[in-house]
Each structure stands twice: as structure tokens, then as C-alpha cells.
Amino acid sequence: MAANPIVLVHGYSAEAGAFDVWKEALVSRGFDPASLHACSYRSLTNEVTIRDLAEAFDRALKVQVGLDADQPFDAIVHSTGMLVLRAWLSMYSERRDRLKHLIALAPATFGSPLAHKGRSWLGAMFSGNRQPGPDFLEAGDRILSGLELGSRFTWDLAHEDVLGPDLVFGPTRRTPYVFVLCGTAGYRGLRKMANEPGTDGAVRWAGCALNSRKIVLDLTHHPSGASAKRRTQVAPWKNVDAPLIPVPGKNHSTILSDPGEDLVILVESALAVKDGPAYRDWHRQARSDSTGPAKEMDPWQQFVIRAMDERGDPITDYNVQLFTRTAHGRASTVQSFDVDVHAFSDDPSFRCFHVNLEKIGVDKLESLWIRVMASSGSQLVGYHGYGSEDGHAGMSGSTWDAELDISSLADDKGVKFFFPFTTTLIELRLNREPLPVNGKNHVCFF
């Protein structure tokens, strides 16, 4: 039935058999069993990275599936499989023309809140490799690092495909048509202890879709000292929106093990999309059909912030708060913004904020300001930038504190700051400068 071979790519700590139910369901809908290829990859070894998996996937396509170097195919991926396919796509631009449809089931597009738990000794005991040998009890530390919330890997990957200079996911035949589906329910039984708000038990609703945006908040000074430099910038956007389509009643496990006829038919119709108008029609219909389930989900959003100085070096000790000012100048902190924050284990300059927009009351905000506090931990150097000399910021020793009006990002013109079921990347730039101590330079002197 399908014009192209279909590869099925599982998630972390799983294997090809995870797609057995889906294979049976597709065959029952008329798909040729010989066109369905479920791959397995090793995720429970500490030496392998997600990019290693992507290259291994490419070799397996040639050697074991037998696809020619330019032969087109479709893919249905689950969880970490999304990162494997995106990494594969990002390595060479020619690959975009080969992958025709990308069906993402509960994709870990921006990682999983469970990943950093799996990197611990306790995680290795429960999910680590059980096969005797050198990898015994290993949990795939480098893969889990890429899967961790706010990871450098998912940040870089987003800049290669979603936010990159080229069209990677588009409404044309030269790029894959992408469809993102995720269950609205959490785990049941013993697994429900892993459930967190705004997730299907393993991935966040806000971390699945491919309609992310990036905002740059530049608090550095222009080299000429000009104060008129634009402080807020929205990165250019070339890709088509691939929003989240909720699947009612399914969780991270049952979306594979018990998809149900409606979901299988939905995926079948996605695989049949042949052009841009059909792609837009599919999403229009799918979003219309999912209006009810979406209303039952709290409107969560993720913000991944990366703080860096003017040289691109990480700022690891900082704090970010949002607040609003009334027309009379009264300030009120947006309390729910920084309640759920995860700092990336390998580099805490990356922070992931998970925000329930329902609790923020977005519609009632009169304005939107951001407050940034950063510390170098030393009296010899500190952070310095916009507002430091005009009374809007304070500096005490190594700690810097400033405020910036970002209300223009919160209104109905252009890109909004708040948008449910999405991930917004924020690049925060500050200056790092040597500080005088008692009026004397102690960092470099003659």
C-alpha cells in the first residue's frame, strides 16, 4: 500500500519488538509486511552518543534494509527515536529529500524529565543493561545526557534543523512532512510514580512539537557604547509549523502497545500526504478533531534558557524572574514562572523552565519584564551590561542585577512570548568584565 519503505525506530532502552503491534496494525490496513522495517539500537552503553546512533542507523539502512543511498523512505519513531532521526537528517542536507514522512509518536524532541534520573546509580540499577559483559548495568550515560532537559545536544540540534538557516521540515516534497502525536494521559499502575504534570509519563507535551521559536535577549553593550542597540530579537523562522496533536487516553507506553484504530487511521492518512495543501489540510482536520482533548490538558510551555557572555562562554550562576508593571509602576512577580526549573547537569548555563500558563494568567498581564541576576563568584571579575549605568541595574561585588522590558514579545503583534504546548529557546547574553578592587586593577596591571 505504501509507496515507500517504512522504518520504525524505538525509544531509549527498548528494541525492535516495541513496534510489533504497530506492524500488525499497518499490515491489517493493507501495508506490505516486506516494506516495514523495525530497527534496534544499543542505548544502554555509556560510550555511544545519539549522533553515533544516527550514523549507525544510516549504515543499517544500506546494509541490512538494502536501501540505495538516495532511495526515499518514511519513518515512524517513538520517544528517543525522534532524536536519532533528527540527528541523521541534520548531518547531510541530501538526506532531507530521502525522508518523505516523519511520524513522531510521543517524541522526546526536547528530552525527557526522566533522563537525569536514569543517569544516577539508582537509575542504572532499575533500567541498566542486564547482559553480562563490560556494559553490565550501564544506562547509556551519553545518550541520557542528550535526553536530559535543557541539554546542550537538544539545544544544538534545534539550531541545526528547527532554527537553522535552511528549510529542513517544510510543506514541500524536498523535505519530510512531519506529524507529532502524543498521549494526554500518564502512566498507570506502578509506573504512575514517574508521572509529572504536563506529560504522558515520560515526555512533556510542551517538549514534543517542532514549532519552537528562539528569542535573543542581549544585555551586552555595543562596542561603540551605543545605547540604542536592539535588546530583544526573534530568530528567523523558515520551517513549517508541526504542532502537537493530542491523542486522548494514551500514555508513553500505550501509544505503542495499544494505539487503537483511530490513531492507526490518523497515521495512515499522514503517510498518504503528498503535497503542501494536503499537509495543511491534515493538520487543520487533526487539530479540529483534537480540540476536545486539548481543552482537557493544562496549557504547559517550556523555556530553555542559555546564559553566556560576549565571548560565548557559559554563565553558570544566574537567576531569571518574570514580573509585570502596572500603568502606575507597581511591580508584581510572575510567581509560577520559576517554580519548576531544571539545570542541565553537565553545564548549568542551560536551564529548562516548565510553566503552566493557566496559573500565570497570561491574558491579565499588563506588561512583561525580565529580571536577570548573575554572579561570577569572584571579586576580580563580574557581569556588566545594559542598564548598569542608568539606574536600572545594580552591581555589588561579583553580582549583577538588571531588568529589561520584553512586553513587545507578549502582545498580538508577531511572535508571542507565551504559547502553549511549545518550547521557546532564550539566549541570554551578558558582558563579563574585570572589576577594580578599591579603585585598583588586580587582574592585569603594570
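What counts, and at which threshold
Residues numbered from 1 in each chain as written. Predicted model: local features only at pLDDT ≥ 70, side-chain atom pairs only at ≥ 80, totals over all residues. Heavy atoms only, no water. Salt bridge = Lys/Arg side-chain N within 4 Å of Asp/Glu carboxyl O. Bend = angle between axes of the 7 residues up to and from the residue. Helix = DSSP H or I, 4+ residues; strand = E, 2+ residues; numbered from the N terminus. Contact = heavy atoms within 4.5 Å. Phe/Tyr/Trp six-rings, centres within 6.5 Å; stacked < 30°, edge-to-face > 60°. Buried < 20%, exposed > 50% of the residue type's maximum accessible area, 1.4 Å probe, protein only. Axes fitted to C-alpha atoms, helices over the stretch in contact; angles between N-to-C directions. Parallel < 35°, antiparallel > 145°, perpendicular 65-115°, else oblique. Polar contact = N/O pair within 3.5 Å; in protein donor to acceptor, adjacent residues only side chain to side chain. Pairing = 2+ DSSP bridges. Disulfide = S-S within 2.5 Å. pLDDT = per-residue confidence, 0-100. Right-handed = clockwise from strand over helix to strand, strands pointing away.

S.K.: Account for the pattern of salt bridges, with residues named and values stated.
M.R.: Within this structure, the stated rule accounts for 22 salt bridges. Taking the shortest distance from any N to any O, the salt bridge between Asp-258 and Lys-250 comes out at 3.6 Å. Salt bridges here are not isolated pairs; linked through shared partners, they connect Glu-55, Asp-58, Lys-62 and Arg-95.

S.K.: How would you sum up helix H2 (residues 50–65)? Please name residues and give values.
M.R.: An α-helical turn contains 3.6 residues, so any two residues separated by three or four positions project in the same direction. At Arg-59, H2 shows its maximal kink, close to 25°. Taken together, the buried residues of H2 touch strand S1 (6–9), strand S3 (73–78), helix H3 (81–91), helix H6 (141–147) and helix H7 (152–160). Where H2 terminates, the next one or two residues include Gly-66, which has phi positive at roughly 85°.

S.K.: Tell me about the packing of aromatic side chains, residues and numbers included.
M.R.: Applying the stated criterion to the full structure yields 15 aromatic pairs. Ring centres of Trp-155 and Phe-350 lie 5.7 Å apart, and the angle between their planes is 70°; on these two criteria the pair is classed as edge-to-face. Linking Trp-155 in helix H7 with Phe-350 in strand S13 (residues 350–356), this pair joins segments that are 195 residues apart in sequence. Among the residues examined, Trp-155 registers a relative accessible area of 3% and is labelled buried.

S.K.: Tell me about the packing of H2 against H3, and please be specific about residues and values.
M.R.: Interaxial distance between H2 and H3 falls to 8 Å at its minimum, and their mutual angle equals 75°. One element, H2, and the other, H3, form an angle in the roughly perpendicular class. Only Leu-83, Val-84, Leu-85, Ala-87, Trp-88, Ser-90 and Met-91 of H3 make contact with H2, whose side of the interface consists of Ile-50, Arg-51, Leu-53, Ala-54, Glu-55, Phe-57, Asp-58 and Leu-61.

S.K.: Run through the environment of Asp-58, naming residues and quoting values.
M.R.: The topology assignment puts Asp-58 in helix H2. In this structure Asp-58 comes out as buried when scored by relative accessible area, which is 7%. For the pair Asp-58 and Arg-95, spaced 37 residues apart in sequence, the C-alpha separation works out to 10.0 Å. With residues up to four places along the chain from it excluded, the contact list for Asp-58 reads Trp-88, Arg-95 and Arg-98. Here Trp-88 takes part through its side chain, which lies 2.9 Å from a polar atom of the side chain of Asp-58.

S.K.: Can you tell me about the sheet that holds S1, naming the residues and giving the values?
M.R.: In sheet architecture, strand pairing relies on hydrogen bonds along the backbone and comes in two forms, parallel and antiparallel. Ordered by their spatial adjacency, six strands build an open sheet running S2-S1-S3-S4-S5-S8, and the pairing between neighbours is parallel. The open sheet terminates on both sides in strands that have one partner only, identified here as strand S2 (36–39) and strand S8 (244–247). Pairs of neighbouring strands in the sheet enclose a mean axial angle of 20°, with direction left out of account. As judged from the five bridges shared by strand S4 (residues 99–105) and strand S5 (residues 177–183), these two strands associate in the parallel manner. The residue of S5 that forms the bridge with Ala-104 is Val-180. Against the sheet, H3 engages S1, S3 and S4, with an angle of about 140° to S3. Most of the contacts of helix H10 (residues 276–289) go to S5, to which it runs at about 15°, and overall it touches S5 and S8.

S.K.: Quick rundown of the pairing of S8? Include the residues and the values.
M.R.: Residues Leu-244 and Pro-246 point to one face of S8 and Ile-245 and Val-247 to the other, with burial holding for every one of them. Note that S5 and S8 share four bridges and pair parallel. Paired with Gly-183 across the bridge in S8 is Val-247.

S.K.: Lay out the state of the cysteines in plain terms, naming residues and giving numbers.
M.R.: A full pass over the atoms with the stated rule returns zero disulfides. A disulfide-free cysteine, Cys-182 has its sulfur positioned 3.9 Å from the sulfur of Cys-208, the nearest such atom. You can call Cys-182 buried: its relative accessible area is 0%. We classify Cys-208 as buried; its relative accessible area is 0%.

S.K.: An account of unusual backbone geometry is needed here, citing residue identities and associated values.
M.R.: For Ser-13, which is not a glycine, the phi torsion comes out positive at approximately 60°. Within the fold, Ser-13 resides in the loop between S1 and helix H1 (20–28).

S.K.: Give a description of the confidence of the model for the chain that names residues and reports values.
M.R.: As a general rule, the predicted coordinates of low-pLDDT regions are not to be interpreted in detail. Of the residues in the chain, 89% reach a pLDDT of 70 or more, and the chain-wide mean stands at 87. Low pLDDT, under 50, characterises residues 121–130; the stretch is placed with 22 contacts to residues that sit more than four places away or in other chains.

S.K.: Outline the side chain of Thr-175, supporting the account with residue identities and numerical values.
M.R.: Of note, Thr-175 is situated in the loop between H7 and S5. Overall, Thr-175 belongs to the buried group, its relative accessible area being 4%. Apart from residues no more than four positions distant in its own chain, Thr-175 is found in contact with Arg-96, Leu-99, Lys-100, Leu-167, Val-168, Phe-169 and Gly-170.

S.K.: Any details on the pairing of S1? Residues and values, ideally.
M.R.: As a general feature of sheets, a regular strand has side chains that alternate between the two faces. Side chains Ile-6 and Leu-8 project from S1 onto one buried face, and the interleaved Val-7 and Val-9 project onto a second face that is buried too. With four bridges connecting them, S1 and S2 associate as parallel partners. By the bridge assignment, Ile-6 is partnered in S2 with Leu-36. As a crossover connection, the stretch from S1 through H1 into S2 is right-handed.

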